[in-house]
Number of protein chains: 2
Amino acid sequence: MASKGKVKNKIASPPESADLQGSLPASNQNITIRFDSPLPDEKPPEKVNIRDVAREAGVSVATVSMVLNENPRISRGTQVRVQKMIERLGYRPNRLAQGLSSKYTQVLAVMLPPLRHALADAYFGEIISGIADRAGKLGHKMMIEQAKPQFIKEGRHIELYERRFVDGILCLGFNEKHTFLADFAGAQYPMILVDNRFGPQPLDYVHCDYRLGANQAMNCLLQLGHRAVGIIYAAPESPTARDVVDVYKSRLGEIGATVDDSWMADGRFTDEGGAAAARDLISRHPDITALLCGNDKMALGAIRALSQQGYQVPRDISIVGFDDLQHLAFANPSLTTVHLPLYELGVTACERLIEKIRGKVERVAEILPTHLVLRESTTMVRQPN
Amino acid sequence: MASKGKVKNKIASPPESADLQGSLPASNQNITIRFDSPLPDEKPPEKVNIRDVAREAGVSVATVSMVLNENPRISRGTQVRVQKMIERLGYRPNRLAQGLSSKYTQVLAVMLPPLRHALADAYFGEIISGIADRAGKLGHKMMIEQAKPQFIKEGRHIELYERRFVDGILCLGFNEKHTFLADFAGAQYPMILVDNRFGPQPLDYVHCDYRLGANQAMNCLLQLGHRAVGIIYAAPESPTARDVVDVYKSRLGEIGATVDDSWMADGRFTDEGGAAAARDLISRHPDITALLCGNDKMALGAIRALSQQGYQVPRDISIVGFDDLQHLAFANPSLTTVHLPLYELGVTACERLIEKIRGKVERVAEILPTHLVLRESTTMVRQPN
DNA sequence: ATGAATAAGTAAACCGATTAACTTTTTTCT
DNA sequence: AGAAAAAAGTTAATCGGTTTACTTATTCAT
């Protein structure tokens, strides 16, 4: 039993790794030079292929291949012998050849919307980290694509499969406005929509429980006595974003608070959008006491805008965000926010995608729980004196 | 596409349709749908390969291949005829096969340090955006790898080439402490170090002109009358980071200002690191009037720490950063900073790498100019009254 | 005219794996 | 003991391109 410590998939938590000691790959230690080679073995850049291994090990090419793929048809003895030779020769199977003759490329693509800073975004970054880690662990590589209009128009997203660049795609940051997603409907090509659903077609998805999150946020605000609560939302084309608005409305409705569009403003997911939305809301409702924000960036923008107008957070207005981005934990005031398990979301989406690739047929529709992180940007409503 | 009428297979779909879909690849002839669909948009999932194209176009496989590769040996007439057939059949060359028989995979890797949020970092994001855009334009795909210690230890960075995953690698965010970089020295495998140099070996690199940037920053501060200037640096193992410190020291030295280690603090490139460093410096030198920061994040941390201690920026202390990250232009106060052409850096690095891949041998050692962006975090030194 | 050079294609050998079908040996079952 | 089944390999076809060497038809220069 070559117990390779095959760790079964747990949803791992983010690694701490900061220290990187690039130790030189000390070339295989078992070099055991028998004859007196005066020169320390220079490296002949001869690329060794599967045939070389087969010849040296005295078996057929097929056997080597089967050893490589851990085919149980090979006996333990041969397995070990061939493995030894593989290491001795430093053989690395050519992935192009493997992909050509097998069904899989072992590559996934992460598709991002064509936003200017999608690649620098903490929200995406967190999800992608999860994807990258799990993909690596499962022996897959990860490509990044941005779905520019031109790219889609030319059908390059489908080309990704057809030309055998990738086995599957994870789509981040899209919504129902992105109609090209329907191209993935036939189950023809493995794709998983991450952190959203898609109404028009039953696509596979994994997303955070925005309804739960919204409830947690509203629980918090309501328990603190807030009744005049505004919302800064974004992307009404996004089902998960609508979930938040729905919950917001119904929770306020339940307690008989007025809730109409004048309490809602679109912050377009951005910093400045959030700021503008906050200014809007405060001017329409000077008596507003709390703000629910669709993401942390907008929450931050709102806080900034409000404090520039002389309001203090949380004394005058409480703010709750969504995301729980790391670097905002240190903001001032630090942000009360709904924690989205973004890293785990990436991990899960990646796992499901690979299962799909391997042939699993069940529909993927998974929803991960959120929780509220209470920090400084919320407090009890001020009693009107 | 237009008519969404026909809902695709629900679980319980009529046997008839299931039958039609599921089986018999036998008659790949047009299954002329008699319904009201005017265009028999048959979607034969038959994968068409180069042989099919050759047969249909009445030429040899070699000719098709040459058309694909725009080989001038093919006459204009044939070229057009074959191209037409390629489009008619919707042929897409299999990249694995292309890679296997040609020298190139058309894939690049971006290697990042194993920092927890490397993928969510605005600095990396900006560079990667440039890389992605240019790579796409030049017909290359982009992979992302994080150089975890284990990854390096197992020699997987070299494996990337040996197994033909990629043609070349761009290394971001590494410094001289990352000794594995020496593995790329032999010019054996195309690699370009981005935004740094590497002392121990003559590696190819492209980086921003940190010396110029530091001079621009110091010009600004000195012209504003500052003499008591501290510096928050990071990663002394990084040549470009040392450039900044060098310039800082020599510029202050020139005007006879005292400059020793007590004016310098390591902010580890992070927000909190910058804050801690600022607190340190201010306690050691309460009379400090300006702070040069190695990046925007540390500058922001410093501003926050200082204002928490009752100092006002820029009234009491001027701050200059490095990077010019987009989302910081809206900070309060907005940050005076040295603009690094990160997007262009990515573009350039990508171009150089692809040239290397194509066989160019000259050493790559390019340095891109910076400029100062004057905003609100700097002002004239207060006259000691 | 005529041999040489050029243009435009083609045939076939690769590239380096996987895998279906088959063979040979060893076990198992009755 | 003898037939059937399982175990452990091997052979050869295949994946889908690129590229070298070779062929044939033209064009060119003298």
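Residues numbered from 1 in each chain as written. Chains lettered and ligands numbered in written order. Predicted model: local features only at pLDDT ≥ 70, side-chain atom pairs only at ≥ 80, totals over all residues. Heavy atoms only, no water.

Visitor: I would appreciate a short explanation of the nonpolar core in the present structure.
Guide: A general trend in soluble globular proteins is that nonpolar side chains are found buried together. Core analysis: the biggest nonpolar cluster contains 146 residues, and Leu172 and Ile319 of chain A together with Leu172 and Ile319 of chain B have the highest contact counts within it. Discounting residues that sit within four places of it in the chain, isoleucine 319 of chain A has contacts with Leu291, Cys293, Ala299, Ala302, Ile303, Leu306, Val313, Leu335, Thr336, Ser377 and Thr378 of chain A. Grouped together as the second largest cluster of nonpolar side chains are 47 residues, Cys171 and Tyr189 of chain A together with Met111 and Phe198 of chain B included. (Core = buried A, V, L, I, M, F, W, Y, C linked by side-chain atoms within 4.5 Å. Buried < 20%, exposed > 50% of the residue type's maximum accessible area, 1.4 Å probe, protein only. Contact = heavy atoms within 4.5 Å.)

Visitor: What's the story with the protein's contact with DNA strand D in this structure? I'm lost.
Guide: Around DNA strand D, 27 residues are found, and the nearest of them are Thr63, Arg73, Ser75 and Thr78 of chain A together with Ser65 of chain B. A breakdown of the atoms of DNA strand D within 4 Å of the protein gives sugar and phosphate a share of 57%. Tyrosine 91 of chain B has a polar side-chain atom sitting 2.7 Å from a sugar or linking oxygen of DNA strand D. Where the surface near DNA strand D is concerned, the elements lending two or more residues are helix 2 (61–68) and helix 4 (95–101) of chain A together with helix 2 (50–57), helix 3 (61–68) and helix 5 (95–101) of chain B. Ranked by residue count, the leading element in the surface near DNA strand D is helix 5 of chain B, at four residues. Of the residues that constitute the surface near DNA strand D, the class distribution is 11 nonpolar, 12 polar and four charged. (Near = heavy atom within 4 Å. Polar contact = N/O pair within 3.5 Å; in protein donor to acceptor, adjacent residues only side chain to side chain. Helix = DSSP H or I, 4+ residues; strand = E, 2+ residues; numbered from the N terminus. Nonpolar A, V, L, I, M, F, W, Y, C, P; charged D, E, K, R; others polar.)

Visitor: Help me understand the pattern of salt bridges in this model?
Guide: Side-chain pairing between opposite charges can occur once the charged atoms of the two side chains come close. Residue and element names in this part refer to chain A. Under the counting rule described, the total for this entry stands at 52 salt bridges over all chains. Put simply, arginine 284 and aspartate 280 hold a salt bridge, and the shortest N to O gap is 3.1 Å. Of this pair, arginine 284 and aspartate 280 both sit in helix 10 (residues 271–284), separated by four residues, roughly a single helical turn. Accessibility expressed as a relative area gives 38% for arginine 284, which makes it partly exposed. Linked through salt bridges whose partners overlap, the residues forming this network are Arg134, Glu351, Arg352, Glu355, Lys360 and Glu366. (Salt bridge = Lys/Arg side-chain N within 4 Å of Asp/Glu carboxyl O.)

Visitor: Whenever I open this one, the protein's contact with DNA strand C confuses me. Can you help?
Guide: Around DNA strand C, the structure places 26 residues, and the nearest of them are Ile50 and Ser65 of chain A together with Thr63, Arg73 and Thr78 of chain B. Protein-proximal atoms of DNA strand C, defined as those within 4 Å of the protein, fall in sugar or phosphate at a share of 61%. The contact in question runs from a phosphate oxygen of DNA strand C to an N or O atom on the backbone of isoleucine 50 of chain A, over 2.5 Å. Tyrosine 91 of chain A places a polar side-chain atom, nitrogen or oxygen, 2.6 Å from a phosphate oxygen of DNA strand C. Listed by contribution, the elements that provide at least two residues to the surface near DNA strand C are helix 1 (50–57), helix 2 and helix 4 of chain A together with helix 3 and helix 5 of chain B. Examining the composition of the surface near DNA strand C, we find that four residues originate from one element, helix 4 of chain A, more than from any other. Here the surface near DNA strand C is composed, by residue class, of 11 nonpolar, 12 polar and three charged.

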